[in-house]
Amino acid sequence: MDSEQLKEKKEYRSSFGATILFSGVQIYQILVRIVPSKFVALFIGPTGLGISSLLRSTTDLISAATNLGLKTSGVKSVSAANAEQDKLTIARTVIALRRLVVLTGLVGAAICAILSPVWSQSSFHNGDYITAFIIVSLTILFDQLNNGEIVLLQGMQKKRFLARVNLIGQTLGLVLTIPLYYFFRLKAIPWVLALSSVLTFIITRLYTRKVELLPVKVSFRETFVIGREMIKLGIFLSFQLVLSYLSTFLLRSIVSKWGGLDDVGLYSAGIAIVNVYLGLVHRLDRPFGGLMVFAKTSKAASRLSEQVRNNSLEKTYYAVVEGKISNSGVFENYLVKDEKKNITSVTSKNNGKYACLSYKLVDFKNNFSLVEIHLHTRRSHQIRVQF
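If you're wondering where the values come from, they're calculated on a predicted model, not measured in any experiment. (Residues numbered from 1 in each chain as written. Predicted model: local features only at pLDDT ≥ 70, side-chain atom pairs only at ≥ 80, totals over all residues. Heavy atoms only, no water.)

**Quick look at the overall build of the chain**
When helices and strands are tallied, the chain shows 12 helices and 7 strands. Of all 387 residues assigned to the chain, the portion counted as buried reaches 37%. Taking contacts inside the chain between residues at least 6 apart in sequence as the whole, the part at least 24 apart equals 74%. With an accessible surface of roughly 22,000 Å², the chain has 61% of that area assigned to carbon and sulfur atoms. (Helix = DSSP H or I, 4+ residues; strand = E, 2+ residues; numbered from the N terminus. Buried < 20%, exposed > 50% of the residue type's maximum accessible area, 1.4 Å probe, protein only. Contact = heavy atoms within 4.5 Å. Areas by Shrake-Rupley, 256 points an atom, 1.4 Å probe, with all protein chains shown as cover.)

**Things to note about a nonpolar patch on the surface**
A grouping of Phe239, Leu243, Leu246, Leu250, Ile254 and Trp258 is seen on the molecular surface, where their side chains present a nonpolar patch of about 670 Å² in accessible area. Checked against the element boundaries, leucine 246 lands in helix 9 (residues 220–258). Residue classification places leucine 246 among the partly exposed residues on the basis of a relative accessible area of 33%. (Patch = residues over 30% accessible without salt bridge, like charges linked within 9 Å, V, L, I, M, F, W, Y side chains within 5 Å. Salt bridge = Lys/Arg side-chain N within 4 Å of Asp/Glu carboxyl O.)

**Digging into the side chain of serine 268**
Within the secondary structure, serine 268 is located in helix 10 (residues 261–274). A polar contact is formed between the side chain of serine 268 and the side chain of serine 53, at a distance of 3.0 Å. Not counting chain neighbours up to four residues away, the residues in contact with serine 268 comprise Ser53 and Arg252. (Polar contact = N/O pair within 3.5 Å; in protein donor to acceptor, adjacent residues only side chain to side chain.)

**Re helix 8 (residues 189–208)**
Between its first and last C-alpha atoms helix 8 spans 29 Å; for 20 residues at 1.5 Å apiece the expected length is 28 Å, and the two agree. Three or more residues of helix 8 are buried, namely Ile189, Pro190, Val192, Leu193, Ala194, Ser197, Phe201, Ile203, Thr204, Tyr207 and Thr208. (Expected span 1.5 Å × (residues − 1).)

**Brief notes about the pattern of salt bridges**
For the coordinates displayed, the defined rule picks out 8 salt bridges. Put simply, lysine 353 and aspartate 86 hold a salt bridge, and the shortest N to O gap is 3.0 Å. In this pair, lysine 353 sits in strand 6 (residues 353–365) while aspartate 86 sits in the loop between helix 3 (70–83) and helix 4 (87–114), placing the two residues 267 residues apart along the sequence. Across the pair glutamate 149 and arginine 205 runs a salt bridge whose closest N-O atoms are separated by 3.8 Å. Residue glutamate 149 is located in helix 6 (residues 130–155), and its partner arginine 205 is located in helix 8; the two are separated by 56 residues in the primary sequence. Taking relative accessible area as the criterion, glutamate 149 reaches 4% and is therefore assigned buried. In the salt-bridge network here, residues are joined through shared partners; they are Glu84, Asp86, Lys353 and Arg379.

**Considering the nonpolar core**
One finds Leu70, Leu97, Leu145, Leu153, Met156 and Val211 to be the most contacted residues of the largest nonpolar core, which totals 27 residues. Sorting the residues of this core by element identifies helix 3, helix 4, helix 6, helix 7 (159–184), helix 8 and helix 9 as the ones contributing at least two each. Sort the elements by how many residues they give to this core and helix 6 lands first, with 7 residues. The contact partners of leucine 70, leaving out residues within four places of it in the chain, are Val75, Leu97, Leu100, Val101, Thr104, Gln144, Val151, Met230 and Ile231. In terms of nonpolar packing, the next biggest core, distinct from the first, is built from 23 residues, Ile51, Leu55, Ile140 and Phe249 among them. (Core = buried A, V, L, I, M, F, W, Y, C linked by side-chain atoms within 4.5 Å.)

**Describing the sheet that holds strand 5 (residues 343–347)**
Where strands meet in a sheet, backbone hydrogen bonds hold them as pairs that are either parallel or antiparallel. Spatially, the 5 strands line up as an open sheet ordered 3-7-6-4-5, and their pairing is antiparallel. In this open sheet, the two strands that pair with only one neighbour each are strand 3 (317–322) and strand 5. Averaged over all pairs of adjacent strands, the angle between their axes in this sheet comes to 45 degrees, without regard to strand direction. When strand 3 meets strand 7 (residues 368–375), the two strands line up antiparallel, connected through 6 bridges. Bridge assignment links tyrosine 317 to a residue of strand 7, and that residue is isoleucine 373. (Pairing = 2+ DSSP bridges. Axes fitted to C-alpha atoms, helices over the stretch in contact; angles between N-to-C directions.)

**Comments concerning the environment of serine 77**
Here serine 77 is to be found in helix 3. Residues serine 77 and leucine 97, spaced 20 residues apart in sequence, show a C-alpha to C-alpha distance of 9.9 Å. Dropping the residues within four chain positions of it, serine 77 is found in contact with Thr93 and Met230.

**What to know about the layout of surface pockets**
The volume enclosed by the second largest pocket comes to roughly 250 Å³. Taken together, 13 residues line the second largest pocket, and the ones lying closest to its centre are Lys87, Met156, Val211, Glu212 and Leu213. Class assignment for the residues of the lining of the second largest pocket results in 6 nonpolar, 2 polar and 5 charged. (1 Å grid on protein atoms, 1.4 Å probe; cavity = no way out; pocket = protein on both sides within 12 Å on 5 of 7 lines; lining within 4 Å. Points joined across faces, edges and corners; volume = space filled by probe spheres on them. Nonpolar A, V, L, I, M, F, W, Y, C, P; charged D, E, K, R; others polar.)

**Here we look at the packing of helix 2 (residues 45–66) against helix 9**
Viewed as axis vectors pointing N to C, helix 2 and helix 9 meet at an angle of 155 degrees, and their least axial separation amounts to 9 Å. In terms of axis orientation, helix 2 runs roughly antiparallel to helix 9. Every pair of crossing elements has a handedness; the one defined by helix 2 and helix 9 is left-handed. Of the residues in helix 9, those in contact with Ser53, Leu54, Ser57, Thr58, Asp60, Leu61, Ala64 and Ala65 of helix 2 are Val242, Tyr245, Leu246, Thr248, Phe249, Arg252, Ser253 and Ser256. Across the contact of helix 2 with helix 9, the residue classes break down as 8 nonpolar, 6 polar and 2 charged. (Parallel < 35°, antiparallel > 145°, perpendicular 65-115°, else oblique. Left-handed = near helix turned anticlockwise from the far one by under 90°.)

**Quick notes on the pairing of strand 7**
As judged from the 8 bridges shared by strand 6 and strand 7, these two strands associate in the antiparallel manner. By the bridge assignment, serine 358 is partnered in strand 7 with histidine 374. Hairpin geometry of strand 6 and strand 7 is characterised by an intervening segment of 2 residues between the two adjacent antiparallel strands and by a positive phi of about 55 degrees at asparagine 366.

Written out as structure tokens, the structure reads:
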């Protein structure tokens, strides 16, 4: 068995093991969610579900509008550095990301707390829930902090850590939720939301501390230089999510105004039953056009994302280049990227990373060649630089 076959066998075992692991976690999560949902329905009824969903839809909207999509773009950046075994870039990216999630989390929490009278009026159409919104502002901060830690685990492919975080979080959430709802009923709702977020962050942080990172220093100026591309991509990817949360917020607010909290609770329960999942698996760079892959289930999204990370998802690129080129060929170079200027260039073997692609001529017309390209390595701006 040659090295390529061994590599494929190893990747298959890894993917299969991850599928079994996360399937077991998902089954447990479903069971854990069923139990508290029954108790919640018993202890706080549809009114409580209505209050919880209105608070949550508001915090979700604020979070989506202020978190800059850093969770999605951050995973891409950490995964890319991890694929190249670039420990320095991983450490610098994580430090910058952690600072950015603290900043965006504080901004989101401040908007929720300071404008709590506005949110109370717009969601519940009265001023009775100002204190509740001040309390749940903590969920915005700690959810964003947790996102920063989850990025590290996902980007570094720490599947077992992720599974344990989910298992422990769901279990402790169950232990926390039932007593609070039993003793405090409706008054417990904002505290349950806030404490659940804090608890989830603490659990995740305990596991990310086990991930070894190089001890590097990053200035605050460098933080924004490193985070600039993550922010640009994150804002682009999160725009649709903001619109989705906005529509949810407006619909529940309308139901609250023309019906009541019971109606909001029943509406939210119905939406939870029929809700359809649609997940974005990969992205396209700004100068590119092409096909996008979406997943219709979370399991499919996980498996497809795993294929993207393992480079087992086959991609074919097409490019138009000026002039006539040979019918086929292979380009091999060493590339280096200037992170500050976001420019990649060819350099010597000692200063760059190996890059290889193969191509074949598809058509030639008006002094332009249409070529089909297959990447054997995945370097930043590789096609544009090598052609």
